[in-house]
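Here is how the chains run, residue by residue.
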Amino acid sequence: MDTDGIQTGSFIFCTSYIVDSADSQERYRKWLAYYDEMKPRFGAARIFLIDDGSALKNIPGALSVVDADQRLPARLPDGPVMFRFDQHYGRKSISVYPGWWRSFSFAARIAARYGYRKAIHCESDAYVISERMMNFMAGLDDGWTTFWCQRWGFPETALQVIAGPQLSTLEAFHDLGEDFWFTDLGNAGFAEHILPFTQVIKNFVGDRYGECMEDYPDDVDFVCQAVPSMQFQNRGRRVVKTAD
């Protein structure tokens, strides 16, 4: 179990909102199974979901639930944990998504409470599948790193590594609160344009394949906007591949 102030490693997290549908349940089940198995390759100790008010009946039984509206406990249960906000903020428009901002930035509060030095953000439809990319992410110990979305020509916010002092920068977005989360800044308000990345890495192969494909190409490093037809375990080829 974690004890307040003694962790020095990292955790993998996604934001979540689970509805009463088979596709939604399967999306998070698949993500949990994959990253729980792969977390040692990222150098990560724990797997967390930060949730935007999912109904309790929709939450998988494998998850322990912590109330994110209250002071976080000094100790966490073993295994995957969901930090759950009671009120659902959701997404109000294409450029106003307070639920995501609250959940995403809350990762910094978790890191501060439990002494983690790195937060690895892999959204619930984003999969890192190459050994070289996992090793790269595991080796990062400072800065705010993201990758590149070829399809849209901007930073890929579904995959980020926030480490060292940059966790305090992330916490500042949480401190801004509802006045920021609910403000419509138009296209300028997209996270891709606001978040203060210290490096955007473009030499890994990946894209938002799920926006235009039912499967992803062989020998890519990552997949975003994954759709249910995409498999990342028991696919018939190695899930983790080493680049030449």
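Residues numbered from 1 in each chain as written. Predicted model: local features only at pLDDT ≥ 70, side-chain atom pairs only at ≥ 80, totals over all residues. Heavy atoms only, no water.

**Q** Looking at this structure, how should I read the pairing of strand E2 (residues 44–52)?
**A** The side chains of a regular strand alternate, residue by residue, between the two faces of the sheet. Burial analysis of E2 places eight of its nine residues in the buried class, which makes it a mostly covered element. As judged from the seven bridges shared by strand E1 (residues 10–16) and E2, these two strands associate in the parallel manner. Counted as the bridge partner of Ile12 is Ile47 from E2. (Buried < 20%, exposed > 50% of the residue type's maximum accessible area, 1.4 Å probe, protein only. Helix = DSSP H or I, 4+ residues; strand = E, 2+ residues; numbered from the N terminus. Pairing = 2+ DSSP bridges.)

**Q** Explain the sheet that holds strand E4 (residues 81–85) here, please?
**A** Think of a sheet as strands paired side by side through backbone hydrogen bonds, with each pair either parallel or antiparallel. Read from one edge to the other, the open sheet built from eight strands follows the order E3-E4-E2-E1-E5-E8-E7-E9, with strand pairing classed as mixed. Both edges of this open sheet fall to strand E3 (64–67) and strand E9 (199–200), since each of them pairs with a single strand only. As judged from the two bridges shared by strand E7 (residues 143–149) and E9, these two strands associate in the parallel manner. Considered in E9, the bridge of Thr146 is made with Val200.

**Q** What is the right way to look at the sheet that holds strand E11 (residues 222–223) in this model?
**A** Here three strands make up an open sheet; going across it, the order is E6-E11-E10 and the pairing mixed. This sheet does not close on itself; its edge strands, each paired only once, are strand E6 (127–128) and strand E10 (206–207). Note: E10 against E11, two bridges, orientation parallel. Residue pairing in the sheet places Gly206 in a bridge with Phe222 of E11.

**Q** Honestly, the nonpolar core in this entry has me stumped. Any pointers?
**A** Nonpolar side chains tend toward joint burial in soluble globular proteins. By size, the foremost hydrophobic cluster in this structure holds 41 residues, and its most contacted members are Trp31, Tyr35 and Phe42. Breaking this core down by element, the ones donating at least two residues are E1, helix H1 (22–38), E2, strand E5 (118–122), E6, helix H3 (131–139), strand E8 (154–163) and E11. Among the elements that line this core, the one with the most residues is H1, at six residues. What Tyr35 contacts, discounting residues up to four positions off in sequence, is Ile12, Phe42, Ile47, Cys122, Ala126, Tyr127 and Val128. Core analysis: the second largest hydrophobic core is formed by 35 residues, Tyr89, Trp181, Leu195 and Phe197 among them. (Core = buried A, V, L, I, M, F, W, Y, C linked by side-chain atoms within 4.5 Å. Contact = heavy atoms within 4.5 Å.)

**Q** Looking at this model, I keep getting lost on the packing of helix H2 (residues 98–114) against helix H4 (residues 166–176). Mind explaining?
**A** Describing two packed helices takes the angle between their axes plus the distance from one axis to the other. Put simply, H2 and H4 touch, their axes get as near as 8 Å, and they point 130° apart. It follows from the interaxial angle that H2 and H4 lie oblique. Considering how the two elements wind past one another, H2 and H4 form a crossing that is left-handed. Contact residues: H2 offers Trp101, Arg102, Phe104, Ser105, Phe106, Ala107, Ala108, Arg109 and Ala111, while H4 offers Leu167, Leu170, Glu171, Phe173, His174 and Asp175. Residues belonging to the contact of H2 with H4 are distributed by class as follows: nine nonpolar, two polar and four charged. (Axes fitted to C-alpha atoms, helices over the stretch in contact; angles between N-to-C directions. Parallel < 35°, antiparallel > 145°, perpendicular 65-115°, else oblique. Left-handed = near helix turned anticlockwise from the far one by under 90°. Nonpolar A, V, L, I, M, F, W, Y, C, P; charged D, E, K, R; others polar.)

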